[in-house]
Amino acid sequence: QDNEMNWLHWDVEDPRQLDFQAFVQGLIRLRRSRPLLGRDRFLHEDPDPVTGSFARWLRPDGSAMEPGDWDDPNARAIGLMLCGREECLFVLMNAHHEPIGFSLPDGVGPWGVLVDSSDGTVRQHVRSTIDNATIDAPPRALLLLESRSS
């Protein structure tokens, strides 16, 4: 809807708004450069027979989401792993007011951070990899991790 409730004044010179604008522009560039983020149809848990791409919803402990997990009123975090032929992306979403540790998926890696919404970080390429089997998602934040096979 186009009204004052959700309309942003992009031409304002407020430093905080300029930072937000740069963050959004970085996200747009990142989405355009990653085919997994621009799919024209839904991914499923089983690999697509043509592209080999798949999606997995994961709990913070790294196990697959079960039907009861979706209805848990105390659940505050979830992960989504998207994989294609040459890369995997792992979206970690933490709605809790405290950090939550996420186990990184087995058999994939090394992982590196592309997006951290807690500090406005958006990278087009991974600069360093995560050496641990877990990563803490900051409070009320989203992390986007990437692992490339090539």
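Computed from a predicted model, the values in this text were never measured in an experiment. (Residues numbered from 1 in each chain as written. Predicted model: local features only at pLDDT ≥ 70, side-chain atom pairs only at ≥ 80, totals over all residues. Heavy atoms only, no water.)

Okay, the overall build of the protein next. From N to C terminus, the protein includes 2 helices and 8 strands. Walking the protein from its N terminus toward its C terminus, one meets helices and strands in the order α-β-α-β-β-β-β-β-β-β. Judged by the C-alpha coordinates and their principal axes, the protein covers about 45 × 35 × 35 Å. Within the protein, the proportion of its 150 residues that are buried is 32%. If you take every contact in the protein between residues at least 6 apart in sequence, the share linking residues at least 24 apart comes to 58%. On the protein, roughly 10,000 Å² of surface is accessible, and the fraction owed to carbon and sulfur atoms is 51%. In the protein, the 15 positive side-chain charges and the 24 negative ones have mean positions that sit 5 Å from each other. (Helix = DSSP H or I, 4+ residues; strand = E, 2+ residues; numbered from the N terminus. Buried < 20%, exposed > 50% of the residue type's maximum accessible area, 1.4 Å probe, protein only. Contact = heavy atoms within 4.5 Å. Areas by Shrake-Rupley, 256 points an atom, 1.4 Å probe, with all protein chains shown as cover. Lys, Arg positive; Asp, Glu negative; His and termini not counted. Charge placed at Lys NZ, Arg CZ, Asp CG, Glu CD.)

Turning to the side chain of Ser147, a few remarks are in order. The topology assignment puts Ser147 in strand S8 (residues 141-148). Look at Ser147 and you get buried, because its relative accessible area is 6%. Within the local environment of Ser147, its side chain forms a polar contact with the backbone oxygen of Pro110, the two atoms lying 3.2 Å apart. Not counting the four nearest positions on each side in its chain, Ser147 is found in contact with Glu86, Glu87, Cys88, Val108, Gly109, Pro110 and Trp111. (Polar contact = N/O pair within 3.5 Å; in protein donor to acceptor, adjacent residues only side chain to side chain.)

Moving on, we come to the pairing of strand S2 (residues 77-83). On any regular strand, side chains alternate: one points to one face of the sheet, the next to the other face. Within S2, 7 of the 7 residues are buried, leaving the element largely enclosed by the surrounding structure. The two faces of S2 match: Ala77, Gly79, Met81 and Cys83 on one face and Ile78, Leu80 and Leu82 on the other face are all buried. Judged from the 5 bridges that link them, strand S1 (residues 54-58) and S2 form a sheet pairing that is antiparallel. The partner of Trp57 across the bridge, within S2, is Leu80. Of the pairings in the sheet, the one linking S2 to strand S3 (residues 87-94) comprises 7 bridges and is antiparallel in character. Pairing of Cys83 across the sheet is with Cys88, part of S3. As consecutive antiparallel partners, S2 and S3 are separated by 3 residues. (Pairing = 2+ DSSP bridges.)

What follows is about the pairing of S8. Among the 8 residues that make up S8, 6 are buried, leaving the element largely enclosed by the rest of the structure. Here S3 runs beside S8; their pairing, made up of 8 bridges, is antiparallel. Paired with Cys88 across the strands is Ser147, a residue of S8. The pairing of strand S5 (residues 112-116) with S8 spans 4 bridges and is classified as antiparallel.

Taken as a whole and judged by the stated rule, the model has 6 salt bridges. A salt bridge links Arg34 to Glu87; the nearest nitrogen and oxygen atoms lie 3.7 Å apart. A residue pair is termed long-range when its members are at least 10 positions apart, and Arg34 in the loop between helix H1 (15-33) and S1 and Glu87 in strand S3 qualify at 53 residues. Each member of the pair, Arg34 together with Glu87, is buried. Among the charged side chains, a network of salt bridges with common partners joins Arg34, Glu87, Glu146 and Arg148. (Salt bridge = Lys/Arg side-chain N within 4 Å of Asp/Glu carboxyl O.)

Strands sit in the order S1-S2-S3-S8-S5-S6 across an open sheet of 6 strands; the sheet is antiparallel. A strand with exactly one partner marks an edge of an open sheet, and here the two such strands are S1 and strand S6 (121-122).

This brings us to the packing of aromatic side chains. Taken as a whole, this structure holds 3 aromatic pairs when the rule is applied. Judged by centre distance (5.6 Å) and plane angle (75 degrees), the rings of Trp57 and Trp70 are edge-to-face. Here Trp57, found in strand S1, pairs with Trp70, found in helix H2 (residues 67-70); they are 13 residues apart in sequence, far enough to count as distant. The exposure class of Trp70 is partly exposed, given its relative accessible area of 47%. When the ring of Phe90 is compared with that of Phe102, the centres are 6.5 Å apart and the planes differ by 85 degrees; the resulting orientation is edge-to-face. (Phe/Tyr/Trp six-rings, centres within 6.5 Å; stacked < 30°, edge-to-face > 60°.)

So far we have only geometry, and geometry alone does not tell us how the molecule works.
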